[in-house]
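So you can see what is in the structure, the chains are spelled out below.
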Amino acid sequence: MNKDDFLYPRGRYYGHVKPENLVFNANLQEFAQRISYICNLETGGKITPEEAYEQIKALWKQLKQTKKQLQIGKSPFKQDDGETNS
């Protein structure tokens, strides 16, 4: 088994398959994994609550920026063919 596969496991994606959804899902899984590590480090006393907060805040900003760049959720009623649902 590859070290990265062990440390950063990826779950299968079952949603609507579009490139932007796949990229966002990968970023979301990485976000969740890193949050878990930060929480464990804080719980174990390796970093302070303030450090954990700042790291989580930075990761959240990165995830929000990715969502914005990929335009996830921009047109929730627009279908792939350009028509809107009635």
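For the structure given in this document, a descriptive report is provided here. This structure is a prediction, so every number in the text was calculated from the model and none was measured. (Residues numbered from 1 in each chain as written. Predicted model: local features only at pLDDT ≥ 70, side-chain atom pairs only at ≥ 80, totals over all residues. Heavy atoms only, no water.)

**Some remarks on the overall build of the protein chain**
Per the secondary structure count, the protein chain includes three helices and zero strands. In the protein chain, the succession of helices and strands from N to C terminus is α-α-α. For the protein chain, with 86 residues in total, the buried portion stands at 15%. The contacts in the protein chain between residues at least 6 apart in sequence include a share of 51% that link residues at least 24 apart. (Helix = DSSP H or I, 4+ residues; strand = E, 2+ residues; numbered from the N terminus. Buried < 20%, exposed > 50% of the residue type's maximum accessible area, 1.4 Å probe, protein only. Contact = heavy atoms within 4.5 Å.)

**A look at the side chain of Thr-66**
Residue position: Thr-66 is located in helix H3 (residues 49-70). The residues contacting Thr-66, other than those within four sequence positions of it, are Phe-24 and Asn-27.

**Some thoughts on unusual backbone geometry**
Positive phi is not limited to glycine here, since Gln-71 has a value of about 60°. Its location among the elements puts Gln-71 in the segment after H3. Look at Gln-71 and you get exposed, because its relative accessible area is 53%.

**With respect to the side chain of Asn-21**
Within the secondary structure layout, Asn-21 lies in helix H2 (residues 19-43). Take Asn-21: its relative accessible area is 17%, and that puts it in the buried class. Asn-21 has contacts with Tyr-13, His-16 and Ile-72, leaving out every residue within four places of it along the chain.

**Looking at the packing of aromatic side chains**
Note on aromatic pairs: each is described by the distance of the centres and the angle between the planes. Scanning all chains against the criterion turns up one aromatic pair. On the numbers, 5.9 Å between centres and 55° between planes, the contact of Phe-31 with Trp-60 is tilted. In this pair, Phe-31 sits in helix H2 while Trp-60 sits in helix H3, placing the two residues 29 residues apart along the sequence. What makes Phe-31 buried here is its relative accessible area of 16%. Given the relative accessible area of 45%, Trp-60 is considered partly exposed. (Phe/Tyr/Trp six-rings, centres within 6.5 Å; stacked < 30°, edge-to-face > 60°.)

**Looking at the pattern of salt bridges**
Taken as a whole, this structure holds two salt bridges when the rule is applied. For the salt bridge of Glu-20 with Lys-18, the shortest nitrogen-to-oxygen distance reads 3.4 Å. Given the relative accessible area of 27%, Glu-20 is considered partly exposed. Here Lys-18 falls in the partly exposed class, since its relative accessible area comes to 25%. Measuring nitrogen to oxygen at the nearest pair gives 3.0 Å for the salt bridge that ties Glu-30 to Arg-34. On the criterion of helical spacing, the pair formed by Glu-30 and Arg-34 is a turn pair, its members being four residues apart in helix H2. (Salt bridge = Lys/Arg side-chain N within 4 Å of Asp/Glu carboxyl O.)

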